[in-house]
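Overview (structure and organization)
The primary structure of each chain is shown beneath.
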Amino acid sequence: MTPSIATVSISGTLPEKLEAIAQAGYQAVELFENDLLSFSGTVREAGALASSLGLTIVTLQPFRDFEGLEGLQRQRVMDYAERKFDLMEELNTSLLMVCSSIHPDAQPGLSRTVNDFVELAERARKRGLKVAYEALAWGRHVNDYRDAWEIVRTANQPNLGLVLDTFHIFSRGSDLEVIPYIPGDQIFLVQTADAPHLSMDHLSWSRHYRCFPGQGQMDIARFMAAVEATGYAGYISHEIFNDTFRMANPRQIAQDGYRSSLYLASMHQQSSVPLKQAIESIAFIELSAPAEHYASTKQTLAALGFAQIGHHPNKPVERWAQGGINILVNRDPSFAKQWLGHDGLSVSALGVLVHDANAAERRASALGFKVIRPEACDASHQMTAMQGVDGTLTYLLDIPGIEALWSTEFPNSTVPIADGTLETVDHISVSIPYEDYLSVVLQYRAVFDLDLSPAFDITDPRGLIQSQVLSGPTPGFRFAINGSHSPQTTTNQVIRRRGGSGVQHIAFHSRSIAHTAERVAAAGAEVLAIPQNYYRDLAGKFGLAPAVIADMERLQILFDADSSGQFQQFYVVPEGGHFLFEVVQRDGYLGLGAANAYIRASAQQQRQHHAASDIVEDPPNPIEHLKCL
Ligand code: MG
Ligand code: MG
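Please read all numbers here as calculations on a predicted model, not as lab measurements.

1. A look at the overall build of the protein chain
- Counting its regular elements, the protein chain contains 21 helices and 25 strands.
- A total of 629 residues make up the protein chain; the buried ones form 58% of that total.
- Taking the intrachain contacts of the protein chain between residues at least 6 apart in sequence as the baseline, contacts between residues at least 24 apart amount to 75%.
- Counting every atom, the protein chain has about 24900 Å² of accessible surface; 50% of that belongs to carbon and sulfur.
- Computing the positive centroid from 48 side-chain charges and the negative centroid from 70, the protein chain places the two 2 Å apart.

Right under this line is the structure:
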């Protein structure tokens, strides 16, 4: 199979699109008719431009409202097709893609439709051209790929084939069972798009919300397996209509597209790319602590029950731990300056635990994501990091790698790991610039075995925040991603202060949140203040005893419950921090406390209002050179 992408998928003029597509690595492109009509040069020049960039034009598309017409209308549409054939000859492409008609005068009926396609195929054959037929999900009479296949099969023309488009198939919930029975050589084109599960009309859903495979919630892997069973060996072409993509940098979108294409290719049984692995847990969190916040960072960690159990032999890096949680505090000023938001305390890297770190690294690399090997950055350790498309750094570790890290990099452990109330990292919440949001989703889902929750909106006092949770098959890893159009939401404040993506909060699971909260209060660490009205509502909403609510209010603990259990949470504000620590106790509850996100965001906004001075108006430049631990 050969990857391709439709020009409609990205923004810009035709030359900008073609250059971005070629630059990303593609050698084939579907030419969307509007891009040709709006091109200032001749049709031949458009074809020559594609060719000069090494791009084969897979098809000219779409040809609309063709079948089911009668009389003069039918004659006119046949003539129109001949004019399309003229264009195709000048473009040097041989395939016309016809999508099923939405014409109000289109008549139904198998034999009528078959006759139309027999004539179109005969006309195309005289000119050495081919025709492919696609069932639009909102087609007037044909809206299911099985009906389109019935028409193609009955017309029985050697130069007439079928288009399979994942969006039209999944959006209608069509069964995939028929696909493996279609001969691969009668499928002329496979178009791929993903999309979030939404409840809306097919046309609007398609025009605004398609995204690259890996970014949505359709079962693309099952589709690819069905196509592989047909023996199809042609183009697999992304065809995406997406409002965000239309606004975005064409190079970034084309690059995402190509990585998604590599991701699809990795689903093939013969692929040599290592399989996806689950992230089993967060192996460590590295904090970059500038000198002025170093002492307070240690105080905050101690207040949460962490103890310093080791330090690097020749770098100013300490290992703090509690239960199964490890935090590296890096106070090397030259290191801190590498990081976005280096004026404050921020998360500079995460380490994630997988079964086989080397295989994860090879997979990330094969899918076009940047990996940074220790020798490339003169590191003392042996860890390889995957660099996020948003600049973040994720070290890939397996059990031997973790053991080597602790034994060789932090050998001076004299103190046992603190046995406090905090047990594990429950989740990490990150703020991502809106234009990078789907790029980050693609990277995590292409490299790791992660589910993507439906998107939900968090209402911040200053706008909406879109949020989704990436999670593995075990509860060891939950990653909440947040993006917002509105400039003053808490999400975009984090991004502005840091100058890019960043961790918004780190949530630890406590086996006794009251115990942790008492300890934090006794140590005098700042806890995010929750308005008293919240607690008045809690009494009526959940029927909790007044004494229980009074304790929650005293400790600023938020509460929620769902059908599977209860959830409590509070936030600690580290001095100079670009993020919050969250402490949660979940008793069966499955979510991340989204019901309280508005209260948390409001509390952050109010606190921000009182400390408005720590907003940096001019973000630092993105970091170009990374130096490892
Ligand atoms: Mg299509
Ligand atoms: Mg949280």
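2. Let's talk about the domain arrangement of the protein chain
- Domain parsing of the protein chain yields domain 1 (2-265) and domain 2 (281-614).
- The straight-line distance from the C-alpha centre of domain 1 to that of domain 2 is 43 Å.
- Taken together, the contact pairs 16 residues of domain 1 with 19 residues of domain 2.
- Taking both partners together, domain 1 and domain 2 bury about 1400 Å²; carbon and sulfur atoms supply 55% of that area.
- Interface area lost by domain 1 to domain 2 is led by Gln 215, Arg 259 and Tyr 263, which between them contribute 39%.

3. Description of the coordination of the magnesium ion (ligand 2)
- Binding of the magnesium ion (ligand 2) to the protein goes through His 427 (NE2), His 505 (NE2) and Glu 582 (OE), at separations of 2.2 to 2.3 Å.
- Counting along the primary sequence, the residues that act as donors to the magnesium ion (ligand 2) give the motif H-x77-H-x76-E. Taken together, the positions of His 427 in strand E17 (residues 422-431) and Glu 582 in strand E25 (residues 580-587) put the pair 155 residues apart, joining distant regions of the chain.
- Note on Glu 582: relative accessible area 0%, which makes it buried.

4. Points about the coordination of the magnesium ion (ligand 1)
- Looking at the magnesium ion (ligand 1), one finds its protein donor set to be Glu 134 (OE), Asp 165 (OD), Gln 191 (OE1) and Glu 239 (OE), positioned 2.1 to 2.2 Å from the metal centre.
- Within one chain, the residues serving as donors to the magnesium ion (ligand 1) are arranged as E-x30-D-x25-Q-x47-E. Here Glu 134, found in strand E5 (residues 130-134), pairs with Asp 165, found in strand E6 (residues 160-165); they are 31 residues apart in sequence, far enough to count as distant. Take Glu 134 and Asp 165: they sit in the same class, and that class is buried.

5. Quick notes on empty space enclosed by the protein
- Taken as a whole and assessed by the stated rule, the structure comprises 5 cavities of 30 Å³ or more.
- One number sums up the size of the largest cavity: a volume of about 150 Å³.
- Considering the residues around the largest cavity, the lining is formed by 19 residues, among which Ile 458, His 505, Leu 592, Ala 597 and Arg 600 are closest to the centre.
- Residues belonging to the lining of the largest cavity are distributed by class as follows: 8 nonpolar, 9 polar and 2 charged.
- Here the second largest cavity is characterised by a volume of approximately 110 Å³.
- Around the second largest cavity sit 15 residues that line it, and Arg 64, Leu 136, Trp 138, Glu 239 and Phe 241 are the ones nearest its centre.

6. Quick word on the sheet that holds strand E3 (residues 56-63)
- Pairing is parallel around the closed barrel formed by 8 strands, whose spatial order is E1-E2-E3-E4-E5-E6-E7-E8. Ignoring which end each strand starts from, the neighbouring axes of this sheet average 30° apart.
- In this sheet, strand E4 (residues 95-99) lies alongside E3 in parallel orientation, the contact comprising 2 bridges. Directly across from Leu 60, in E4, lies its bridge partner Leu 96.

7. Focus on the packing of aromatic side chains
- Under the defined criterion, the tally for this structure stands at 19 aromatic pairs.
- Ring centres of Phe 477 and Phe 479 lie 5.5 Å apart, and the angle between their planes is 20°; this geometry places the pair in the stacked category.
- A relative accessible area of 4% places Phe 479 in the buried class.
- Through a chain of ring-to-ring contacts, three or more aromatic side chains come together here, namely Phe 63, Phe 66, Tyr 80, Phe 117 and Tyr 133.
- One residue, Lys 130, lies across the ring of Phe 188, its end atom 5.2 Å from the ring centre.
- Residue placement shows Arg 319 over the ring face of Trp 406; its charged tip is 3.8 Å from the ring centre.

8. A closer look at helix H21 (residues 597-610)
- With 14 residues, H21 ought to run about 20 Å at 1.5 Å a step, and its terminal C-alpha atoms sit 20 Å apart, in line with that.
- All buried positions along H21 are accounted for by Ala 597, Ile 599, Arg 600, Ala 601, Ser 602, Ala 603, Gln 604, Gln 605 and Gln 608.

9. Some words on helix H14 (residues 357-366)
- Taken together, the buried positions of H14 are occupied by Ala 357, Ala 359, Ala 360, Glu 361, Arg 363 and Ala 364.
- On its buried face, H14 is in contact with helix H11 (250-265), strand E14 (371-372), strand E15 (384-387), strand E16 (393-397) and helix H16 (437-447).
- Looking at where H14 begins, the residue whose side-chain oxygen comes 3.1 Å from the main-chain nitrogen of Asn 358 is Asp 356.
- Note on H14: the residue one or two positions beyond its end, Gly 368, has a positive phi of about 90°.

10. What to know about the layout of surface pockets
- By volume, the second largest pocket amounts to about 490 Å³.
- What lines the second largest pocket is a set of 27 residues, and nearest its centre among them are Pro 196, Tyr 209, Tyr 434, Leu 438 and Gln 466.
- Two domains each put at least three residues into the lining of the second largest pocket: domain 1 (2-265) and domain 2 (281-614).

11. Concerning the packing of H11 against H16
- Relative to each other, H11 and H16 sit at 20°, their axes nearing to 11 Å. As summarised for this structure, H11 and H16 are arranged roughly parallel, according to the angle between their axes. In this structure, H11 meets H16 at a crossing whose hand is left-handed. Of the residues in H16, those touching H11 at Gln 252, Asp 256, Arg 259, Ser 260 and Tyr 263 are Ser 439, Leu 442, Arg 445 and Ala 446.
- Considering only residue class, the contact of H11 with H16 consists of 3 nonpolar, 3 polar and 3 charged.

12. Focus: the side chain of Thr 421
- One can find Thr 421 in the loop between helix H15 (399-409) and E17.
- Assessed through its relative accessible area of 9%, Thr 421 is described here as buried.
- Side chain to side chain, Thr 421 and Thr 516 meet in a polar contact 2.6 Å long.
- Ignoring any residue separated from it by four or fewer positions in sequence, one finds Thr 421 in contact with Gln 322, His 509, Ser 510, Arg 511, Ser 512, His 515 and Thr 516.

13. Brief notes about the sheet that holds strand E13 (residues 346-353)
- On the basis of which strands lie adjacent, the open sheet formed by 8 strands has the order E10-E11-E12-E9-E13-E16-E15-E14 and mixed pairing. Bordering the open sheet on either side are strand E10 (307-311) and E14, each of which pairs with just one other strand.
- As paired strands, strand E9 (residues 281-288) and E13 are joined by 7 bridges and run antiparallel to one another. Directly across from Ile 282, in E13, lies its bridge partner Val 352.

So, how was this worked out
- Residues numbered from 1 in each chain as written.
- Chains lettered and ligands numbered in written order.
- Predicted model: local features only at pLDDT ≥ 70, side-chain atom pairs only at ≥ 80, totals over all residues.
- Heavy atoms only, no water.
- Helix = DSSP H or I, 4+ residues; strand = E, 2+ residues; numbered from the N terminus.
- Buried < 20%, exposed > 50% of the residue type's maximum accessible area, 1.4 Å probe, protein only.
- Contact = heavy atoms within 4.5 Å.
- Areas by Shrake-Rupley, 256 points an atom, 1.4 Å probe, with all protein chains shown as cover.
- Lys, Arg positive; Asp, Glu negative; His and termini not counted.
- Charge placed at Lys NZ, Arg CZ, Asp CG, Glu CD.
- Domains from an automatic or database assignment.
- Buried area = accessible area lost by both parts, 1.4 Å probe.
- Donors = N, O, S within 2.8 Å, 3.2 Å for Na, K, Ca; no water.
- 1 Å grid on protein atoms, 1.4 Å probe; cavity = no way out; pocket = protein on both sides within 12 Å on 5 of 7 lines; lining within 4 Å.
- Points joined across faces, edges and corners; volume = space filled by probe spheres on them.
- Nonpolar A, V, L, I, M, F, W, Y, C, P; charged D, E, K, R; others polar.
- Pairing = 2+ DSSP bridges.
- Axes fitted to C-alpha atoms, helices over the stretch in contact; angles between N-to-C directions.
- Phe/Tyr/Trp six-rings, centres within 6.5 Å; stacked < 30°, edge-to-face > 60°.
- Lys NZ or Arg CZ within 6 Å of the ring centre and 35° of its normal.
- Expected span 1.5 Å × (residues − 1).
- Polar contact = N/O pair within 3.5 Å; in protein donor to acceptor, adjacent residues only side chain to side chain.
- Parallel < 35°, antiparallel > 145°, perpendicular 65-115°, else oblique.
- Left-handed = near helix turned anticlockwise from the far one by under 90°.

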